[in-house]
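# Remarks on the overall topology
Residue strings, one per chain:
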Amino acid sequence: MYFFSSKNLEKWKFETVLAENSTGQIGTMWECPDFFELDGTHFLICSPQNMKAQKYEFHNGNNSVYFSGKYNETEHTFQKEAPKSLDYGLDFYAPQTTKLPDGRRILIAWMKSWDACVVPDSQDWQGMMTLPRELEIKDGRIWQKPVKEIENYRANKCHYTDKKIDCYTTFDGIKGRTLDMTVELQARSTMTSLLKWHAMMSIAQRLPTTESQACSRLIVPAVASQRMSSVSEKLKSQIQTES
């Protein structure tokens, strides 16, 4: 990945090779690069094509990853760490960021995959864009959350506290094809709770989850198209085994 600089955005000067696929394991062509600084750390986002899975990572084939590291502005060198997945959904590609006047770094991606890029003759467009996400750093990793402006479009607010969820549980006011939910689960076994939550709902993208060591609470924010579905036999078995 070549790095150029310009003082007038017309004449450009080659500075260095900012990053390269020296191991040959990070796909082939790196599409749509984005290089920026966030809270003192520099990040390089790109979308490597034809990337092979590594255990539980990079299963999309055409992935979107990020490198974190230290950038030397004088020598134009970037000491990057190992790549990390930016999103675990299949339809997420070519993310780009921008910095707002208030300092927030906002990311938007193409909600589509090259592997599913089929355009009928009668269709004039392909895919759509993701919801804008605000980026922040926690424990050396990029965390993402929907921009606060989305709250202006919410309606029919519903709140429940201290409710038991068991597979086919339903609550008044929670229904429809699209839900914006923040859920807190508290249990002795975090994995059991997470499996039961996945069993109850069919979720369009992998849930970002964190466990607080102080109170052993599993925080599961879900901003995705969601719908109730039957529990698969495989997942039932996993829950029984965990229990």
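Residues numbered from 1 in each chain as written. Predicted model: local features only at pLDDT ≥ 70, side-chain atom pairs only at ≥ 80, totals over all residues. Heavy atoms only, no water.

Put simply, the protein chain has an average pLDDT of 78, and 76% of its residues get 70 or more. The model gives residues 201-243 a pLDDT under 50, and that stretch makes 96 contacts with residues more than four places away or in other chains. (pLDDT = per-residue confidence, 0-100. Contact = heavy atoms within 4.5 Å.)

Right, let's get into a nonpolar patch on the surface. Taken together, the side chains of Tyr 2, Phe 4, Leu 9, Trp 12, Phe 14 and Val 17 present a nonpolar region at the surface, about 700 Å² in accessible area. Looking at the nonpolar patch, the elements with two or more residues in it are β1 (2-5) and β2 (13-17). With respect to the element layout, Val 17 can be found in strand β2. (Patch = residues over 30% accessible without salt bridge, like charges linked within 9 Å, V, L, I, M, F, W, Y side chains within 5 Å. Areas by Shrake-Rupley, 256 points an atom, 1.4 Å probe, with all protein chains shown as cover. Salt bridge = Lys/Arg side-chain N within 4 Å of Asp/Glu carboxyl O. Helix = DSSP H or I, 4+ residues; strand = E, 2+ residues; numbered from the N terminus.)

Here we take up unusual backbone geometry. For Asp 39, which is not glycine, the phi dihedral falls at a positive 55°. Relative to the assigned elements, Asp 39 resides in the loop between β3 (30-38) and β4 (41-48). Backbone geometry at Phe 58 places phi at a positive 60°, although glycine is not the residue there. Relative to the elements of secondary structure, Phe 58 occurs in the loop between β4 and β5 (65-72). Taking relative accessible area as the criterion, Phe 58 reaches 5% and is therefore assigned buried. (Buried < 20%, exposed > 50% of the residue type's maximum accessible area, 1.4 Å probe, protein only.)

What follows deals with the pattern of salt bridges. Using the criterion set out here, one finds 4 salt bridges in the structure. Between Arg 104 and Asp 102 there is a salt bridge, with its nearest N and O atoms 2.8 Å apart. With a relative accessible area of 11%, Arg 104 lands in the buried category.

Tracing the sequence through the fold places Gly 40 in the loop between β3 and β4. You can call Gly 40 exposed: its relative accessible area is 61%. A C-alpha to C-alpha distance of 9.8 Å links Gly 40 and Gly 69, two positions 29 residues apart in sequence.

Okay, the state of the cysteines next. Tallied over the entire structure, the rule returns 0 disulfides. Looking at Cys 46, it has no disulfide partner, and the nearest cysteine sulfur is the one in Cys 32, 9.6 Å off. (Disulfide = S-S within 2.5 Å.)

Counting buried positions over the 8 residues of β5 gives 6, a clear majority of the element. Two elements, β4 and β5, share 5 bridges in a ladder whose sense is antiparallel. Paired with Cys 46 across the two strands is Val 65, which belongs to β5. Where β5 lies against strand β7 (residues 84-85), 2 bridges are found, and the strand directions are antiparallel. Within the sheet, the bridge partner assigned to Tyr 66 lies in β7 and is Lys 84. (Pairing = 2+ DSSP bridges.)

Ordered by their spatial adjacency, 4 strands build an open sheet running β8-β9-β10-β11, and the pairing between neighbours is antiparallel. Two strands close off the open sheet at either side, each with one partner strand: β8 (93-99) and β11 (141-146). In this sheet, neighbouring strand axes are inclined to one another by 40° on average, regardless of whether the strands run parallel or antiparallel. Relative to strand β9 (residues 105-110), β8 runs antiparallel, the two being bridged by 5 bridges. The partner of Tyr 93 across the bridge, within β9, is Trp 110. (Axes fitted to C-alpha atoms, helices over the stretch in contact; angles between N-to-C directions.)

A few words on the nonpolar core. Ranked by size, the top nonpolar core spans 13 residues in total, and within it Trp 30, Val 65, Phe 67 and Phe 78 carry the most contacts. Of all elements in the fold, only β4 and β5 reach the threshold of two or more residues within this core. In terms of residue count, the dominant contributor to this core is β5 (3 residues). Sequence-distant contacts of Val 65, defined by excluding residues within four places in its chain, comprise Leu 44, Ile 45, Cys 46, Pro 48, Met 51, Phe 58, Pro 83, Lys 84 and Leu 86. Counting 11 residues, the second-largest nonpolar core is a separate cluster that includes Phe 36, Ile 45, Tyr 66 and Leu 135. (Core = buried A, V, L, I, M, F, W, Y, C linked by side-chain atoms within 4.5 Å.)

Mapped onto the elements of the fold, Gln 126 is located in the loop between β9 and β10 (133-138). Taking the relative accessible area as the measure of exposure, Gln 126 reaches 17% and is therefore buried. Considering only alpha carbons, one finds Gln 126 and Met 111, 15 residues apart in sequence, at a separation of 9.4 Å.

With respect to the element layout, Ser 64 can be found in the loop between β4 and β5. Within the structure, Ser 64 has its side chain in polar contact with the side chain of Ser 47 (distance 3.2 Å). Apart from the residues within four sequence positions on either side, Ser 64 is in contact with Cys 46, Ser 47, Lys 84, Ser 85, Leu 86, Asp 87, Phe 92, Tyr 93, Ala 94 and Pro 95. (Polar contact = N/O pair within 3.5 Å; in protein donor to acceptor, adjacent residues only side chain to side chain.)

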